[in-house]
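Chain and residue survey
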Amino acid sequence: MKKWIQNLIMILCIIAFIFFSYKIHNYNKEEKEQEKLRDNLIEDAIIKSTPEDQTDDEIENNNVPIEIDFNVLKNKNKDIVAWIYSEGTLINYPIAQSKDNDYYLRRLLDGTYNQSGTIFMDYKNNSNFEDYNTIIYGHNMKNDTMFGTLTNYKKQEYFNEHQNMYLFTENKNFKIELFAGYITSSESDIYNFPKDMNSNEKLIKTAKEKSTFKSDVEVNSDDKIITLSTCSYDYENARYVLLGVLNELE
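Residues numbered from 1 in each chain as written. Predicted model: local features only at pLDDT ≥ 70, side-chain atom pairs only at ≥ 80, totals over all residues. Heavy atoms only, no water.

Moving on, we come to the overall build of the protein. Assigned secondary structure in the protein consists of 5 helices and 10 strands. Expressed as a percentage of the 250 residues in the protein, the buried residues total 46%. Sequence-distant contacts in the protein: of pairs separated by 6 or more residues, those separated by 24 or more amount to 61%. Summed over its atoms, the accessible surface of the protein is roughly 14000 Å², and 48% of this surface lies on carbon and sulfur atoms. (Helix = DSSP H or I, 4+ residues; strand = E, 2+ residues; numbered from the N terminus. Buried < 20%, exposed > 50% of the residue type's maximum accessible area, 1.4 Å probe, protein only. Contact = heavy atoms within 4.5 Å. Areas by Shrake-Rupley, 256 points an atom, 1.4 Å probe, with all protein chains shown as cover.)

Right under this line is the structure:
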């Protein structure tokens, strides 16, 4: 009887090993598929890029650090509404928007199922970034792709090195001046969209009070805000949200 139990346990262990090996293999495969698609889009859609050692001041003098060919992107997927870029990080992605917040959660831009998903805008937002708060979602990937680097903003030192991002649309380009980031619940008020300047001011105040880093960026109640959201693992259903002011570039 004891030997029978030992054999059963051994069989179950082998099955578990095979199952988790398959899951790990599949996860790594999907990561590579996502990275390949991203790299292809960068190669096809970015028509100008600045040297890696160029400063923010030099970038501003040249207006933008990169230029995006939206004709190429639209031919690949009409759901693409923007491109987000962060100098010195892996954040260099198109942003899509669907009719709900589920479609791109586990799909690549070509429609194939993939755990990595796609960077996407909340379906309730206007795609022109004219809302008081535009929310962008991305997975917290272990290899730092997608929004895997956002939780690094829990440390002041990381913010000091990466204080700005850039947002490109078909008609406008923006510099994102980051002013706050904090850990919150997936049910947080940050996911409720401000309808007026008063509610936007409350959103800004809350973010600054809870922020994991200090920023000198001045934010007004009539400013347009962008919120980048990803999973955090501080507690169940925790999120890390990073907020910035959208300032249009010429």
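On to the pairing of strand S10 (residues 238-249). Among the 12 residues that make up S10, 9 are buried, leaving the element largely enclosed by the rest of the structure. Adjacent in sequence and paired antiparallel, strand S9 (residues 225-231) and S10 are bridged by 6 residues, among which asparagine 237 carries a positive phi angle near 60°. (Pairing = 2+ DSSP bridges.)

Inspection of the secondary structure puts phenylalanine 179 in strand S8 (residues 173-185). Along the chain, phenylalanine 179 and asparagine 164 lie 15 residues apart, while their C-alpha atoms are 9.3 Å from each other. Those residues within four positions of phenylalanine 179 in sequence are excluded, and the remaining contacts are Ile204, Ala207, Lys208, Ser211, Phe213, Ser215, Val217, Val219, Ile225, Leu243, Gly244 and Val245.

What follows is about the side chain of asparagine 77. Positionally, asparagine 77 belongs in the loop between helix H3 (70-76) and strand S3 (80-85). Apart from the residues lying within four places of it in its own chain, the contact partners of asparagine 77 are Tyr104 and Leu109.

Once that is clear, we can look at helix H5 (residues 197-210). For H5, spanning 14 residues, the distance from its first C-alpha to its last is 20 Å, which sits close to the expected 20 Å at 1.5 Å a residue. Within the span of H5, buried status applies to Asn200, Leu203, Ile204 and Ala207. Buried residues of H5, viewed axially, fall in a sector of 95°; they line one side. Facing away from the buried side of H5 by over 90 degrees, the exposed positions are Asn198, Lys202, Lys205 and Glu209. The elements touched by buried residues of H5 are strand S6 (133-137), S8, S9 and S10. At the N-terminal boundary of H5, the capping side chain belongs to aspartate 196, with an oxygen 3.2 Å from the backbone nitrogen of asparagine 198. (Expected span 1.5 Å × (residues − 1). Arc of directions from axis to C-beta. Polar contact = N/O pair within 3.5 Å; in protein donor to acceptor, adjacent residues only side chain to side chain.)

Overall, the prediction assigns the protein a mean pLDDT of 85, with 78% of residues at 70 or greater. For the protein, helix H2 (residues 56-61) is the element with the lowest average pLDDT, namely 50, and strand S5 (residues 120-121) is the one with the highest, namely 98. (pLDDT = per-residue confidence, 0-100.)

Turning next to the pattern of salt bridges. Between side chains of opposite charge, a pair can form when the charged atoms approach closely. This model, assessed by the stated rule, comprises 3 salt bridges. For lysine 124, the salt bridge is made with aspartate 122, and the minimal N-O distance between the two is 3.2 Å. Residue lysine 124 is classed as partly exposed on the basis of its relative accessible area of 45%. Overall, aspartate 122 belongs to the buried group, its relative accessible area being 1%. (Salt bridge = Lys/Arg side-chain N within 4 Å of Asp/Glu carboxyl O.)

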